Amino acid sequence: LTGVVLLSALDINLSVNHTMVITGLMPGTTYSIRGISTTPGGQTVFSDPITFRTVDELTISILTITETSRLTRSAKFVWNTNIPSTSQGEGRNVATGVINQSVFDPTLVLSHSVEVTDLLANTLYAFRGISSTPGGQLMYTNEIVVRMPR
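Cut-offs and rules
- Residues numbered from 1 in each chain as written.
- Predicted model: local features only at pLDDT ≥ 70, side-chain atom pairs only at ≥ 80, totals over all residues.
- Heavy atoms only, no water.
- Salt bridge = Lys/Arg side-chain N within 4 Å of Asp/Glu carboxyl O.
- Helix = DSSP H or I, 4+ residues; strand = E, 2+ residues; numbered from the N terminus.
- Buried < 20%, exposed > 50% of the residue type's maximum accessible area, 1.4 Å probe, protein only.
- Phe/Tyr/Trp six-rings, centres within 6.5 Å; stacked < 30°, edge-to-face > 60°.

**A closer look at the pattern of salt bridges**
Applying the stated rule across the entire model yields two salt bridges. Residues Arg128 and Glu90 are paired through a salt bridge, measuring 2.6 Å at the closest nitrogen-oxygen approach. Taken together, the positions of Arg128 in strand β9 (residues 124-132) and Glu90 in strand β6 (residues 74-93) put the pair 38 residues apart, joining distant regions of the chain. Assessed through its relative accessible area of 23%, Arg128 is described here as partly exposed. On the basis of relative accessible area, Glu90 is assigned to the buried category, the value being 7%. Residue Glu143 pairs with Arg92 through a salt bridge whose shortest N-O separation is 3.1 Å. Highlighted residues: Glu143 in the loop between β10 (138-140) and β11 (144-147) and Arg92 in strand β6, separated in sequence by 51 residues.

Here it is as structure tokens:
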């Protein structure tokens with residue numbers, strides 16, 4: 001988007017200090033911004049440009065199984081992301097391919113924790129975490145294969 005001009009909302013309040021919020025920026029992109037002010041006398045003044053780069057794409061670190069339970073037939077696991085994102089986990093029965101999913105959590109967080117339930121005893125499951133950013137970028141953790149307790 002070279003040369004694209006984005007304008008923030010006009011603030012008509014007179015002030016010595018100015019703040020602006022810029023939304024809709026793309027990940028991993030370099031931007032150059034500057035402020036524009038108009039004095040009560042009608043003179044337009046430009047700030048010096050400021051250049052910055054937005055955070056790169058969503059990355060997910062390896063997931064860790066924190067607990068499996070024969071009693072509740074469940075597995076709890078955690079993972080981390082570098083961008084606030086949603087949380088959901090799944091456990092795929094390696095023998096049958098049947099997938100059990102955790103409850104979807106729309107809360108945007110960096111540290112994710114989910115529990116997959118209704119798992120079969122003494123069965124091999126491949127677990128992975130799923131996260132999505134507000135912009136719709138979907139990522140999966142690496143799978144970790146665990147045998148549920150007897």
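**Points about the packing of aromatic side chains**
The tally for this structure, following the rule as stated, stands at four aromatic pairs. Taking the centre distance of 5.8 Å and the plane angle of 25° together, the rings of Tyr31 and Phe52 count as stacked. Pair noted here: Tyr31 is in strand β1 (residues 30-33) and Phe52 is in strand β4 (residues 50-53), with a separation of 21 residues, a long-range link. With relative accessibility at 15%, the residue Tyr31 sits in the buried group. Classification of Phe52 as partly exposed rests on a relative accessible area of 28%.

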